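Each chain, written out:
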Amino acid sequence: MLNEKSAAPLYRQIYEAVRQAILTGEFQPKMPLPATRLLAKQLGVSRMTIINAYDQLFAEGYLEGRTGAGTYIASELPEELLEMSKATRRRTAEKRVAARSLNISSQGSWLAKIGANVLRLDRAMKFTPFQHGLPALDEFPFDVWSRIAQKLYKNMPREVLGYGEPEGYRPLREAIAAHLKLARGVKCDYAQVIITSGAQHALTLAGKIFLEPGDEVWMEDPCYLGARGALLSAEIKPIAVPVDADGFDLSEALGKSKNAKLVYVTPSHQYPLGLTMSLARRLALIDWARANDAWIIEDDYNSEYRYAGRPLASLQGLDRDGRVIYVGTFSKTIFPSLRLGCLVVPKDLIEVFTIARSLNDLHSPLIEQAILAEFIAEGHFARHLRRMRKLYEERQKILLREAKKQLEGLLEVREADAGMHLIGWLPDEIRAERVAKKAAQNNLKISPIAAYSFNPHPPNGLILGYASYNERQIKEGVSLLKKVLLEEYD
Ligand SMILES: Cc1ncc(COP(=O)(O)O)c(C=O)c1O
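From a predicted model like this one, the values you see are computed outputs, not experimental measurements.

K.L.:
Sorry, what's going on with the pattern of salt bridges here?
P.N.:
Two side chains of opposite charge can pair, provided their charged atoms sit close to one another. Evaluation of the coordinates by the stated rule reveals 25 salt bridges. In this structure, Asp-215 and Lys-261 form a salt bridge, with 3.4 Å as the shortest nitrogen-oxygen distance. Here Asp-215, found in the loop between helix H9 (198-210) and strand E5 (216-221), pairs with Lys-261, found in the loop between helix H11 (250-256) and strand E7 (262-265); they are 46 residues apart in sequence, far enough to count as distant. Lys-261 gets classed as partly exposed once you look at its relative accessible area, which sits at 25%.

Now the structure itself:
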């Protein structure tokens, strides 16, 4: 029974053996156990070893009686412990856990309920076409990034190692303010820039600060799932507003609800349809927000990639009344796992956003913020954007060319002025959701617009990301898609 080579001490092995015998019913309640001296002799161990084992069993309630009067198996062991094997006990415990009603907050229960609205990314993200939302990761200048990182690590400023300001690393905020002013016409002072863990964090903070349970929120239909989940987490009532060629339409929205407290829009490049919101509609929305004491969240997620048409400056830049909360992200311009983004908030909201941000996780990692600040300040960011704009424009052309060559009559892939994906349109009788499922079985990652729609009869299209795939991958992807589509049309 005893194993000298075991890592477990001898007393522990004896304790475990007796305990097991009790639990499996081999040793019955009230059964006497051998005296310590006798058992020590039988097992060839010291008496102290037996005393230690018995002491432990006494302490846990398995034994009763005392030295002199004899030692017995306890007469009243908890019933559930008796006659149950380890496996049975585990199964019983699992059932108990599964059956219990969770004693969590109403906010917690709400979060559990809205799970379907939350982004769940494929963790085993294989780079198979046509996953959208991913930049060309292998084109990122990691040599430059790592040179900046190395320089920093060699001579790390003390302020980058201690706790930082919740609003973010000041040189990064200054660099972002300068970039947004120039590139997006955002009107702001660096103090209005708050660094967040990506757009996701920015949207969740905004939901927390502006919204009460039950508030009505206008959302574009179809709508970015990350935004939908973030705002729903504030227990709001979403009001889906279909977008048309000019983007979000205020009159359509007012027809659905007159009491919205906030609206979420992607005016520079509607997600996922890729439309640009017209100037007239932008101005109307800002007027509405001012007149109704309401808020506009402008998600400017990949406005940097525009290839044709007149770029419209940000909605924030048109706003004179501090009604627009601007959300930016580096997920599409650097890489998503960096988890850095920003908010630009009106001056009188800096304090509350800073407090909310600080209560989350104090601040985003300072070392990454410092590397990014330097990357922008030294001009690498602007250079990288220029290169990627050109590359993505080329990749879009390749996708269009291949679609024309191989998918004519099967899928209508339309050119877009901006962005990192195209939409492929299907005739009514071929459902995009089905094609997407079949495509997945063929190692293609394609989302149907339906995945982002509130409408039970969503636009019948497929989202084809092209930014992160080279010519060969795009060609192969299109051939595979052709095979899938031909089967569907059959
Ligand atoms: C509309 C929209 N907003 C924001 C983001 C970026 O989110 P994050 O900064 O949290 O990565 C994405 C990414 O796909 C997006 O599609």
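K.L.:
How do you make sense of helix H15 (residues 380-407) when you look at a structure like this?
P.N.:
Every α-helix carries 3.6 residues per turn, so stepping three or four residues along brings you back to the same face. The end-to-end C-alpha distance of H15, which contains 28 residues, comes to 38 Å, matching closely the 40 Å that a straight helix rising 1.5 Å per residue would cover. One or two residues past the end of H15 sits Gly-409, with phi positive at roughly 85°.

K.L.:
Looking at this structure, I do not really get the site of the ligand. What am I missing?
P.N.:
The environment of the ligand is made up of Gly-198, Ala-199, Gln-200, Tyr-224, Tyr-264, Tyr-271, Asp-299, Tyr-301, Thr-329, Ser-331, Lys-332 and Arg-339. Contact distances for the ligand include 2.6 Å between a nitrogen atom and a side-chain N or O atom of Asp-299. The contact in question runs from an oxygen atom of the ligand to an N or O atom on the side chain of Ser-331, over 2.6 Å. Taking 400 Å² as the accessible area of the ligand by itself, protein coverage stands at 92%. At three residues, H9 tops the list of elements feeding residues into the shell around the ligand. Tallied by class, the residues present in the shell around the ligand amount to five nonpolar, four polar and three charged.

K.L.:
Can you walk me through unusual backbone geometry in this structure?
P.N.:
Excluding glycine, residues mostly carry a negative phi; peptide bonds, for their part, are mostly trans. Look at the link from Asp-221 to Pro-222: it is a cis peptide, with omega at 0°. Turning to its location among the elements, Pro-222 is positioned in the loop between E5 and helix H10 (225-232). Between Tyr-271 and the following residue, Pro-272, the backbone shows a cis peptide bond with an omega angle of 5°. Structurally, Pro-272 is set in the loop between E7 and helix H12 (279-292). The phi dihedral of Leu-362 is positive, around 65°, even though this residue is not glycine. Along the chain, Leu-362 falls in the loop between helix H13 (350-361) and helix H14 (366-377). Overall, Leu-362 belongs to the partly exposed group, its relative accessible area being 40%. Its identity as a non-glycine residue notwithstanding, Asn-443 has a phi of 70°, on the positive side. With respect to the element layout, Asn-443 can be found in the loop between helix H16 (432-441) and strand E13 (447-448). Asn-443 gets classed as partly exposed once you look at its relative accessible area, which sits at 46%.

Procedures and definitions
- Residues numbered from 1 in each chain as written.
- Predicted model: local features only at pLDDT ≥ 70, side-chain atom pairs only at ≥ 80, totals over all residues.
- Heavy atoms only, no water.
- Salt bridge = Lys/Arg side-chain N within 4 Å of Asp/Glu carboxyl O.
- Helix = DSSP H or I, 4+ residues; strand = E, 2+ residues; numbered from the N terminus.
- Buried < 20%, exposed > 50% of the residue type's maximum accessible area, 1.4 Å probe, protein only.
- Expected span 1.5 Å × (residues − 1).
- Near = heavy atom within 4 Å.
- Polar contact = N/O pair within 3.5 Å; in protein donor to acceptor, adjacent residues only side chain to side chain.
- Areas by Shrake-Rupley, 256 points an atom, 1.4 Å probe, with all protein chains shown as cover.
- Nonpolar A, V, L, I, M, F, W, Y, C, P; charged D, E, K, R; others polar.

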